[in-house]
There are 2 protein chains.
Amino acid sequence: MQYQVKMYVSYKDGILDPVGKTTASALNSLGYVNIGEVAVGKYITFTLDAPSEEKARAQIKDMADKLLTNPVIEKYRFELEV
Amino acid sequence: MQYQVKMYVSYKDGILDPVGKTTASALNSLGYVNIGEVAVGKYITFTLDAPSEEKARAQIKDMADKLLTNPVIEKYRFELEV
């Protein structure tokens, strides 16, 4: 079965997000003053062949911990679609 | 009304995604050979105060075109929640 995976990676609470802070301040400078805190993370998509959804999920967690995210400072969630 | 906005930015079709390509090749090197094309984009979240959903959507499109994305090479979609 081929799964379409969408993964959303963002900083854990309390971790400084310099890109988000800079983006917020640039938006304010452009006159968009009704904007609250901005966070900028990663949006990773890929396809994955796996025999079952369970195996797909296990492999995605493994890949996230080993390569796709930095577990010390980042959190993630993902969605699977057939 | 305060809206919680989630925006997903990715390259347009046909635009080279070097980070995605490198990630795919790194995953292959780690033994994950059942992975198809990988794309790495941005996941931007922020809050926005607006009098109506229509105005919120208009402002978000404006901000996306002016600052949050590069309309020449990137496409985006977003979700609003109250």
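Please refer to the structure placed before this passage.
Residues numbered from 1 in each chain as written. Chains lettered and ligands numbered in written order. Predicted model: local features only at pLDDT ≥ 70, side-chain atom pairs only at ≥ 80, totals over all residues. Heavy atoms only, no water.

### Describing the packing of helix 1 (residues 18–29) of chain A against helix 2 (residues 53–68) of chain B
Axis separation between helix 1 of chain A and helix 2 of chain B bottoms out at 11 Å; the angle between their running directions is 110 degrees. Considering the angle they form, helix 1 of chain A stands roughly perpendicular to helix 2 of chain B. Between helix 1 of chain A and helix 2 of chain B lies a crossing whose hand is right-handed. On helix 2 of chain B, the residues touching Thr23(A), Ala26(A) and Leu27(A) of helix 1 of chain A are Met63(B), Leu67(B) and Leu68(B). (Axes fitted to C-alpha atoms, helices over the stretch in contact; angles between N-to-C directions. Helix = DSSP H or I, 4+ residues; strand = E, 2+ residues; numbered from the N terminus. Parallel < 35°, antiparallel > 145°, perpendicular 65-115°, else oblique. Left-handed = near helix turned anticlockwise from the far one by under 90°. Contact = heavy atoms within 4.5 Å.)

### Let's talk about the sheet that holds strand 1 (residues 2–11) of chain A
Ordered by their spatial adjacency, 6 strands build an open sheet running 3(A)-1(A)-2(A)-2(B)-1(B)-3(B), and the pairing between neighbours is antiparallel. In the strand order of this sheet, the two ends are held by strand 3 (74–81) of chain A together with strand 3 (74–81) of chain B, each with one partner. Within the sheet, the average angular offset between the axes of one strand and its neighbour, ignoring direction, is 25 degrees. Across the sheet, helix 2 of chain B touches strand 2 (35–49) of chain A together with strand 1 (2–11), strand 2 (35–49) and strand 3 of chain B, and the angle it forms with strand 3 of chain B is around 150 degrees. (Pairing = 2+ DSSP bridges.)

### What about helix 2 (residues 53–68) of chain A?
Counted at 1.5 Å a residue, the expected span for helix 2 of chain A with its 16 residues is 22 Å, but the 19 Å between its end C-alpha atoms falls short. Along helix 2 of chain A, the residues classified as buried are Ala56(A), Gln59(A), Ile60(A), Met63(A), Ala64(A) and Leu68(A). For helix 2 of chain A, the angular spread of the buried residues around the axis is 145 degrees, confining them to a single face. Those residues of helix 2 of chain A that are exposed and angled more than 90 degrees off the buried face are Glu54(A), Lys55(A) and Lys66(A). Taken together, the buried residues of helix 2 of chain A touch strand 1, strand 2 and strand 3 of chain A together with helix 1 (18–29) and strand 2 of chain B. (Expected span 1.5 Å × (residues − 1). Buried < 20%, exposed > 50% of the residue type's maximum accessible area, 1.4 Å probe, protein only. Arc of directions from axis to C-beta.)

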